[in-house]
Amino acid sequence: MKTRIGILDYGRGNLRSVAKALEAVGAEALISDSPRALDACKGLLVPGVGAFGDCMASLKRRGMVTFLKKAAKEGRPMLGVCLGEQLFCESSSEFGRHEGLGFFDGKVARFKKGLKVPHMGWNQVRFTADCPLLRGLKTGSEFYFVHSYRVRLRDRSAAAGTTRYGSESFDSVLWKGNLFATQFHPEKSQRAGLRLYKNYWDLVQAA
């Protein structure tokens, strides 16, 4: 197994910008739509842009749902970004009810009426756990968001960071063992985002 990060290509997400950000912190990244090729990587990153149900269907068609669940059980460091965070959860109510990967005990729902969507731009993340993904960063650091749906966990022990948008607070960083997820885009978050990716690369190398 090679010490590199496999970026899942399932037809959704800004893959090249994610790979460039990882390479900027010294990581070796592989973009692939093949579970067999990705299985040779020590770390896995699930990006995503678009609708939850459509993305889950795309993962299933490529045989990636079974592959990701197997990799999670094996203890491989995995990171979900933006829609990737939402896919790691139990379910979403976006355009109907859709089941997710179920790594985290929480649901995805649209922001309340009255809030402008998408929630887009810079916002603070308040850290609520000593998560290794956030080492060297200060609570209240700002990251870049673009999303209309948000995560709320039932298991609060897995919430490593929260963000307030208007009258709502949502879980913007998730962490449970080898599983990590962020609602924001680290690759668009300048220095703070690069530090987070460097922390993830360190975790992959140490795995």
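Throughout what follows, the structure given in this document is the object of discussion. (Residues numbered from 1 in each chain as written. Predicted model: local features only at pLDDT ≥ 70, side-chain atom pairs only at ≥ 80, totals over all residues. Heavy atoms only, no water.)

### Quick notes on the pattern of salt bridges
Under the definition given, this model contains eleven salt bridges. Ionic pairing is found between E90 and R154, a salt bridge with its closest N-O pair at 2.2 Å. Taken together, the residues span a long stretch of sequence, with E90 in strand β5 (residues 89-92) and R154 in the loop between β11 (149-153) and β12 (159-165) at a distance of 64 residues. E90 sits in the partly exposed class, given a relative accessible area of 31%. (Salt bridge = Lys/Arg side-chain N within 4 Å of Asp/Glu carboxyl O. Helix = DSSP H or I, 4+ residues; strand = E, 2+ residues; numbered from the N terminus. Buried < 20%, exposed > 50% of the residue type's maximum accessible area, 1.4 Å probe, protein only.)

### Considering the layout of surface pockets
Of the volumes computed, that of the largest pocket is approximately 190 Å³. If you trace the largest pocket, you find 14 residues lining it, with V49, G50, C82, V146 and H147 closest to the centre. Counting only elements with at least two residues in the lining of the largest pocket, the list comes to α5 (83-87) and β10 (142-147). In the lining of the largest pocket, the residues fall into five nonpolar, seven polar and two charged. (1 Å grid on protein atoms, 1.4 Å probe; cavity = no way out; pocket = protein on both sides within 12 Å on 5 of 7 lines; lining within 4 Å. Points joined across faces, edges and corners; volume = space filled by probe spheres on them. Nonpolar A, V, L, I, M, F, W, Y, C, P; charged D, E, K, R; others polar.)

### Examining the sheet that holds strand β3 (residues 41-46)
Reading across the sheet, the eight strands line up as β2-β1-β3-β4-β14-β13-β12-β9 and stay open at both edges, with mixed pairing between neighbours. Taken across any chain shown, the strands that pair with only one partner, and hence form the sheet edges, are β2 (29-32) and β9 (126-127). In the sheet, β12 pairs with strand β13 (residues 168-176) via six bridges, with the strands oriented antiparallel. Looking at the pairing, T162 lines up with D171 of β13. (Pairing = 2+ DSSP bridges.)

### Considerations on the nonpolar core
If you look at the biggest cluster of nonpolar residues, it comprises 35 residues, and the most contacted ones within it are I5, L22, L45, L79, F143, L196 and Y197. Breaking this core down by element, the ones donating at least two residues are β1 (2-8), α1 (15-24), β4 (78-81), β10, β12, β13 and α6 (190-206). At six residues, the largest contribution of residues to this core is made by α6. (Core = buried A, V, L, I, M, F, W, Y, C linked by side-chain atoms within 4.5 Å.)

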